[in-house]
Amino acid sequence: MGESSGYERRKEQRVGADRLPENLRKFSVSFGSDDTVESDTIDLSVGGISLNVPVSVKDIDGYTITLTTLDNKISLKEEILGIRSLGDSRSRISIMFSRNNSYKEYFREILSAVAVN
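Every residue gets a number counted from 1 within its own chain, in the order that chain's sequence is written. Per-residue local features are limited, in this predicted model, to residues with pLDDT of at least 70; the limit for side-chain atom pairs, both in listing and counting, is 80 or more; totals at the level of whole chains, interfaces and linings are taken over all residues. The side-chain numbers reported here are obtained from all heavy atoms of the structure, hydrogens and water having been left aside.

1. Observations regarding unusual backbone geometry
Within the chain, Asn-72 stands out as a residue other than glycine whose phi angle is a positive 65°. Helix and strand definitions here come from DSSP, where helices need a minimum of 4 consecutive H or I residues and strands a minimum of 2 consecutive E residues; each element is numbered from the N-terminal end. Its location among the elements puts Asn-72 in the loop between β5 (64-69) and β6 (75-85). Taking relative accessible area as the criterion, Asn-72 reaches 61% and is therefore assigned exposed. Summary of the burial criterion: residues with accessible area below 20% of their type's maximum are buried, those above 50% are exposed, and those between are partly exposed, where the area comes from a 1.4 Å probe applied to protein chains only.

Okay, here's the thing in structure tokens:
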């Protein structure tokens, strides 16, 4: 599972976290257990998201995660497509949203509003 597998295939424009609304800049991430960590959004597109998580690559067990905005208004269960180590205790995870993701239109509207033309 290479880092480029999902990240490089995103066809939609990616928007960096600094241009996103506050509620999309951080997510609570659960790797299948009851334990959650707070992650920072790196970038977001209609098709996927990259996150900086405070978990070492070697401690990520499984490929299904739950992402929840800190205001609890959005919750998604998705699969990790790519993982890259950012040091001993941080990783970059890349996720391609599933086709049945009910938030795609919301993301499309948000991203259209902040896109650089």
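2. So, the packing of aromatic side chains
Two rings from Phe, Tyr or Trp (for Trp, the six-membered ring) form a pair when their centres are within 6.5 Å of each other. A pair whose planes differ by under 30 degrees is stacked, one over 60 is edge-to-face, and the rest are tilted. Evaluation of the coordinates by the stated rule reveals 3 aromatic pairs. Where Phe-97 meets Phe-107, the ring centres are 5.2 Å apart and the plane angle is 25°; that geometry is what we call stacked. Taken as a pair, Phe-97 in the loop between β7 (91-96) and α2 (104-114) and Phe-107 in helix α2 lie far apart in primary sequence, 10 residues in all. As far as the burial class goes, Phe-97 and Phe-107 line up, both buried. An angle of 50° between the planes, with centres 5.9 Å apart, marks the rings of Tyr-106 and Phe-107 as tilted. A relative accessible area of 1% means that Phe-107 is categorised as buried. Following the ring pairs from residue to residue traces out a cluster consisting of Phe-97, Tyr-103, Tyr-106 and Phe-107.

3. Regarding the side chain of Ser-94
Note on placement: Ser-94 falls in strand β7. In terms of polar contacts, Ser-94 uses its side chain to reach the side chain of Ser-50, at 3.3 Å. As used in this structure description, the phrase polar contact means that two N or O atoms lie within 3.5 Å; if the pair is within protein, one of them must be able to donate a hydrogen and the other to accept it, and residues adjacent in sequence are counted only when both atoms belong to side chains.

4. A look at the environment of Ile-80
Along the chain, Ile-80 turns up in strand β6. A relative accessible area of 3% places Ile-80 in the buried class.

5. Here's the deal with the confidence of the model for the protein
Scored by pLDDT, the protein comes out at a mean of 85, with 89% of its residues at no less than 70. Strand β4 (residues 48-53) holds the highest mean pLDDT among the elements of the protein, 96, whereas helix α1 (residues 4-7) holds the lowest, 41. pLDDT is a per-residue confidence score from the predictor, ranging from 0 to 100.

6. As for the nonpolar core
Each nonpolar core is a collection of buried residues, namely Ala, Val, Leu, Ile, Met, Phe, Trp, Tyr and Cys, held together in the definition by side-chain atoms within 4.5 Å. Core analysis: the biggest nonpolar cluster contains 26 residues, and Leu-51 and Ile-93 have the highest contact counts within it. No other element matches α2, which puts 4 residues into this core. Those residues in contact with Ile-93, other than ones at most four positions away along the chain, are Ile-49, Ser-50, Leu-51, Val-53, Ile-60, Ile-65, Ile-80, Gly-82 and Ile-83. Note on contacts: a residue pair qualifies if any of its non-hydrogen atoms lie within 4.5 Å across the two residues.

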